[in-house]
Amino acid sequence: MSLISKRVMVTGGAGFLGSHLCERLLAAGHEVLCVDNFFTGRRSNIAHLLGNPRFELLRHDVTFPLYVEVDEIYNLACPASPVHYQHDPVQTTKTSVLGAINVLGLAKRLRVPVLQASTSEIYGDPNVHPQREEYWGNVNTLGPRACYDEGKRCAETLFFDYHRQHGLAIKVVRIFNTYGPRMHPDDGRVVSNFIVQALRGDDITLYGDGEQTRAFCFVDDLIEGFLRMMGTPRTVTGPVNLGNPHEITVRELAERVLALTGSSSRLVFRPRPQDDPTQRCPDITKARDLLDWSPKVDLEKGLESTIAYFSDLLSTGGKARPR
Ligand code: NAD
Ligand code: UDP
Ligand code: UDP
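Residues numbered from 1 in each chain as written. Chains lettered and ligands numbered in written order. Predicted model: local features only at pLDDT ≥ 70, side-chain atom pairs only at ≥ 80, totals over all residues. Heavy atoms only, no water.

Student: Before we move on, could you go through the sheet that holds strand 1 (residues 7–11) and cite the residues and values that matter?
Tutor: Reading across the sheet, the 7 strands line up as 3-2-1-4-5-6-11 and stay open at both edges, with parallel pairing between neighbours. Both outer strands of the open sheet, strand 3 (55–59) and strand 11 (240–242), are each paired with one neighbouring strand and no more. With strand direction ignored, the average angle separating the axes of adjacent strands in the sheet is 20°. As defined by bridge partners, strand 1 adjoins strand 2 (residues 31–36) across 5 bridges and the pair is classed as parallel. By the bridge assignment for strand 2, Val-10 is matched with Cys-34. (Pairing = 2+ DSSP bridges. Helix = DSSP H or I, 4+ residues; strand = E, 2+ residues; numbered from the N terminus. Axes fitted to C-alpha atoms, helices over the stretch in contact; angles between N-to-C directions.)

Student: Go over helix 10 (residues 299–315) with me, naming the residues and quoting the values.
Tutor: With 17 residues, helix 10 should cover 24 Å at 1.5 Å per step; its first-to-last C-alpha distance of 24 Å lies within 8% of that length. Among the structural elements, strand 7 (178–179), helix 6 (190–200), strand 10 (217–218), strand 12 (247–249) and helix 8 (250–261) are those in contact with the buried residues of helix 10. Within two residues after helix 10, Gly-317 carries a phi angle of roughly 65°, on the positive side. (Expected span 1.5 Å × (residues − 1). Contact = heavy atoms within 4.5 Å.)

Student: With reference to specific residues and values, describe the environment of Glu-150.
Tutor: Counting through the fold element by element, Glu-150 comes out in helix 5 (residues 146–166). Residue classification places Glu-150 among the partly exposed residues on the basis of a relative accessible area of 24%. Separated by 137 residues in the primary sequence, Glu-150 and Gly-13 have C-alpha atoms spaced 22 Å apart. For Glu-150, the residues in contact, after removing those within four places along its chain, are Val-139 and Thr-141. (Buried < 20%, exposed > 50% of the residue type's maximum accessible area, 1.4 Å probe, protein only.)

Student: Account for the confidence of the model for the chain, naming residues and giving values.
Tutor: Predicted confidence across the chain gives a mean pLDDT of 96, with 97% of residues reaching 70 or more. If you check the scores for this complex, the pTM reads 0.97 and the ipTM reads 0.99. (pLDDT = per-residue confidence, 0-100.)

Student: Explain helix 6 to me, and be specific about the residues and the numbers.
Tutor: With 8 of 11 residues buried, helix 6 is to be regarded as a mostly interior element. Residues of helix 6 that are buried: Val-191, Ser-192, Asn-193, Phe-194, Ile-195, Val-196, Gln-197 and Ala-198. Residues of helix 6 that are buried sit in contact with strand 7, strand 8 (204–207), helix 8 and helix 10. In the segment just after helix 6, Gly-201 is the residue with positive phi, at about 75°.

Student: Explain the site of ligand 2 residue by residue, including any values.
Tutor: All residues adjacent to ligand 2 are Pro-65, Leu-66, Tyr-67, Ile-101, Asn-102, Gly-105, Leu-106, Lys-108, Arg-109 and Tyr-162. A distance of 2.9 Å is found between an oxygen atom of ligand 2 and a side-chain nitrogen or oxygen belonging to Lys-108. A total of 510 Å² of accessible area belongs to ligand 2 in isolation, and the protein chains cover 65% of it. Take the shell around ligand 2: its biggest share by element is 6 residues, from helix 4 (residues 89–110). Grouping the constituent residues of the shell around ligand 2 by class yields 6 nonpolar, 2 polar and 2 charged. (Near = heavy atom within 4 Å. Polar contact = N/O pair within 3.5 Å; in protein donor to acceptor, adjacent residues only side chain to side chain. Areas by Shrake-Rupley, 256 points an atom, 1.4 Å probe, with all protein chains shown as cover. Nonpolar A, V, L, I, M, F, W, Y, C, P; charged D, E, K, R; others polar.)

Written out as C-alpha cells, the structure is:
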C-alpha cells in the first residue's frame, strides 16, 4: 500500500491497458474512478474490480465535458487497434482531441497532474530508426491511419499548450506496441490475431511479406512505466517513449507463436494495409534515465501468459476469468 491514498481517474479504464492500470492503482491503495464509454472496452475486463469499494465505474464519452473531483488523471480513452480506430474515424479524432480538451479543462480546474497515453504512431512510418523522442515523425495526414495519428499528435500539442499557457503538470508517454491478457480477441492486432489463429488451427495471416518489424512490450512492464512517469517531479513532462526495444519481424513473431502453442497452422500472406509502418522500435534512453525504467518481461514469458489467457477465453466461449 502506498502511504498517500489518492482518488485517481482513468479514462479508457475498461480497455486492455486501462483495466490493468486500474488494478495496479487499487492494489497500491488508491481510489479509482474508471471512465469509459465501452466502445472497445469490456465489462468483463473490470468485472472483478466492481465489488471493490474503492472502485467506481462511470459510463461516459470523453468527447463531452465531465465534472468530477479527483487528485490525478490518466487519459487512455481511445480505440487503439487499426481495425477499431478506422471503424469510425471521425469519432476517433474527436475522442483524442475533444477528449484531451475536456480532460485538460478538468485538470486545469482541479490543478491536478494529468498523464496522456500517446503513441509511437505519432512517428508515422518512420525514416529514423530506432525512434527517439526528438524525431518529429512521418505521418500521411490524408491516409486511413491519420484519424488516430493526427488525433494523438494534436492531443500532445494541447497537453504542451496547457502546460505552457496554464502551468498544468503534464506527463506524456509514447507507448509502443504492447500486448498481454485482456487484449480484445477481435481487434485485429497482430499478437491477438496470431495467438487466436494458432489456437484455433486457422491460417496465420502475415500482411505483406511479414518482414516489417515491431518491438513488443508486455503489459505489466508498461503499467510500471505509467506509474513511474506519474511519480516524477513537476518539471518532467515528457514525451517519454515506453516500449520494449527488442525488435523482431512479424514473421518471427508468427513463428514464436506457432512454437509456443504447438499449433500446426499455416502461414498465409495477405495484402499489406496502406501506410503500415515498415520498421518500428523505441529508443528508451529517456525512460531509463528519467524513470529508471526498462522492460523486465521477455517475449517468451509474455507470450506464454497471453496464450494462457486466450486459451482460457476460447475454451470458456469468451468469458475469461480475470488474471
Ligand atoms: P483499448 O481499445 O482496449 O482501450 C481503449 C478504451 O477507451 C476502451 O475501454 C474504450 O471503450 C475507451 N474509449 C474509446 N473511446 C472512448 C470515448 N470517446 N470515451 C470514453 N472511453 C472511450 O486499447 P488499449 O490498447 O488499452 O489502449 C489504451 C490507450 O493506450 C489508448 O489511448 C491507445 O491509443 C494507447 N496506446 C496503446 C498501445 C498498445 O499497444 N496497446 C500503443 C500505443 C498507444
Ligand atoms: N471541462 C470539463 N470539466 C471540468 C472543467 C472543464 O469537462 O471540470 C471542459 C469544459 O467543458 C471545456 C474544456 O474542458 O470545454 C476546456 O476547459 P478550459 O477551462 O480550458 O476552457 P474553457 O472552459 O475556458 O473553454
Ligand atoms: N499484422 C499482420 N497480420 C495480422 C495483423 C497485423 O501481419 O493479422 C502486421 C501489421 O501489418 C503490422 C504489424 O503486424 O505491420 C503490427 O500490426 P498491429 O495492428 O498489431 O499494430 P500497429 O500496426 O498499430 O503497430
